[in-house]
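Residues per chain, in single letters:
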Amino acid sequence: MKIATVVGARPQFIKAAAISRIIGMQNASGVDEVLIHTGQHHDENMSGVFFNELGIPAPRYNLAIAGGNHGAMTGRMLSAIEEVLLEEKPDWLLIYGDTNSTLAGALAAAKLHIPVAHVEAGLRSFNMRMPEEVNRIVADRLSTLLFCPTATAVNNLTAEGITQGVHNVGDVMYDVSLYYAERAQAMSRILERLKLTHRQYILATCHRAENTDDPNRLREILEALAQLAGHAPVVLPLHPRSRKQIAAIGYQQLLDSLIITEPLAFLDMISLERSAKAILTDSGGVQKEAFFYRVPCFTMRDETEWVETVESGWNQIVGADRNRIVEAVLACGPPVRADASPYGDGHASEAILRELHGRHLAGTGNRTLPPA
């Protein structure tokens, strides 16, 4: 069985690592994975170091497509992925999450009648202004197999009339968090390097367009972080898009009281997350990792797809309002359901590979490629 996997951004590298590791452990099963890196995140800190640390095989194809508006980027990816699929003729196209790479992969495969398997299917923010929401809805519509991380995701698909091929397998990021946590503790020296003390600092990330492209929201967030820095050190690994926007708007002075780093290697990021007093983020992946490591999280958005983290009390939605952010962090108390575990048993990757393999053997997923 040949699986073509499309990745392009840091969260996808992490998710793909879980399944690639299981494929590597089961070589005798005859699974050939063709890794296609679109290049959406292309520099060493955003891409190369992740492949090294996670033990992901080097991409067989690196399309080096980055930058530009959504339409232009997605169109270039669609064309390039199509060429790879015509060359490789995989049995399945595996996609992750909700990026432009996800959408381009799904479109390319569907037009070539290659069955699509979507990992992290069924997530909904119900905010159609988010490009990620558009990407995930279209990807789900084009998928033959929809691997959901939670019961909520299954219910979202059911409400949209999608019930065939839907499987609640758990969250592959939970698999990753369990496997790499101890490795991070053993190998990362980020706390010593930044002179941080366990549970005595706040970790923050900010990269989503809804925050970085809105000067008012970005200012409120940075002012909140600066105010919190008066209570505890605040570490902010700065995404390239955020850095560019902050410089363009002239908000650099709001960074003066923060500990600013480049985007961090995966093991360093895990180490910081596990030892933080609190985490502020607009990242879906970081929200979940905070939950996995039982660190209070404050989501700087107006909604979240990961409603289970909120229901458990480990995550609070605080938007981009400075006062609301600061007050929530300073008033943080014990969670409502400290022992909640909605993301499976840590074996989502095995379940996904088992279903793909079963479908392949049964011949129920294969479609015929049209002439090149």
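Once a new chain begins, its residue numbering starts again from 1 and follows that chain's sequence as written. Only residues with pLDDT of 70 or above have their local features reported here, since the model is predicted, and side-chain atom pairs are shown and tallied only from 80 upward, although totals for entire chains, interfaces and linings are computed over all residues. Where side-chain values are given, they derive from all heavy atoms of the structure, hydrogens and water being excluded.

**Details of the nonpolar core**
Part 1: As used here, the term nonpolar core means buried Ala, Val, Leu, Ile, Met, Phe, Trp, Tyr and Cys residues forming a set that is joined through side-chain atoms within 4.5 Å. Only protein chains enter the accessibility calculation, which uses a 1.4 Å probe; a residue is then buried when its area is under 20% of its type maximum, exposed when over 50%, and partly exposed in between. In terms of nonpolar packing, the biggest core is built from 54 residues, with Leu272 and Leu356 touching the most fellow members.
Part 2: Secondary structure counts use DSSP, requiring at least four H or I residues in a row for a helix and at least two E residues in a row for a strand, with both numbered from the N terminus. Looking at this core, the element that brings in the most residues is helix H1 (residues 10-25), giving eight residues.
Part 3: The contact criterion used throughout is that any non-hydrogen atoms of two residues lie within 4.5 Å. In contact with Leu356, other than residues within four places in its own chain, are Met1, Ile3, Trp92, Leu94, Ala117, Leu145 and Phe147.
Part 4: Counting residues in each nonpolar core, the second largest holds 28 residues, with Cys206, Ala232, Leu236 and Ile246 among its members.

**Looking at the pattern of salt bridges**
Note on pairing: side chains with opposite charge can pair once their charged atoms come close.
Part 1: By definition here, a salt bridge exists when the distance from a side-chain nitrogen of Lys or Arg to a carboxyl oxygen of Asp or Glu is within 4 Å. Scanning the model with the defined rule gives 20 salt bridges in all.
Part 2: Here Arg136 makes a salt bridge to Asp98, at a shortest N to O gap of 2.6 Å. With a gap of 38 residues between them, Arg136 in helix H5 (residues 131-142) and Asp98 in the loop between strand E4 (92-96) and helix H4 (100-111) connect regions that are remote in the sequence. In this structure, Arg136 and Asp98 share a single accessibility class: buried.
Part 3: For Glu132, the salt bridge is made with Arg208, and the minimal N-O distance between the two is 2.9 Å. Residue Glu132 is found in helix H5, and its partner Arg208 is found in the loop between strand E8 (202-204) and helix H9 (209-212); the two are separated by 76 residues along the sequence.
Part 4: Residues joined in a network through salt bridges with shared partners are Asp98, Glu133, Arg136, Glu210, Arg301, Glu303 and Glu305.

**Notes on the sheet that holds strand E6 (residues 145-148)**
Part 1: The criterion for strand pairing is that DSSP finds at least two bridges linking the strands in question. Read from one edge of the open sheet, seven strands run E3-E2-E1-E4-E5-E6-E7, paired in parallel fashion. Two strands lie at the open edges of the sheet, namely strand E3 (61-62) and strand E7 (166-168), each paired on one side alone.
Part 2: Sheet topology places E6 next to E7; three bridges connect them, and they run parallel. Among the inter-strand pairings, Cys148 is bridged to a residue of E7, identified as Asn168.
Part 3: Here H4 sits on the sheet in contact with strand E1 (2-7), E4 and strand E5 (116-119), set at roughly 160 degrees to E4. Orientation is described by axes fitted as lines to C-alpha atoms, over the contacting stretch for helices, and by angles from 0 to 180 degrees between their N-to-C directions.

**Side note on unusual backbone geometry**
Leaving glycine out, the prevailing phi sign among residues is negative, and the prevailing peptide bond configuration is trans.
Part 1: Here the phi dihedral of Phe126 falls at roughly 60 degrees; this positive angle occurs in a residue that is not glycine.
Part 2: Its place among the elements puts Phe126 in the loop between E5 and H5.
Part 3: In this structure, Arg199 is a non-glycine residue whose phi angle is positive, near 65 degrees.
Part 4: Summarising the element assignment, Arg199 is placed in the loop between helix H8 (190-193) and E8.
Part 5: According to the relative accessible area criterion, Arg199 is partly exposed, its value standing at 30%.

This is a description of form; function is not addressed.
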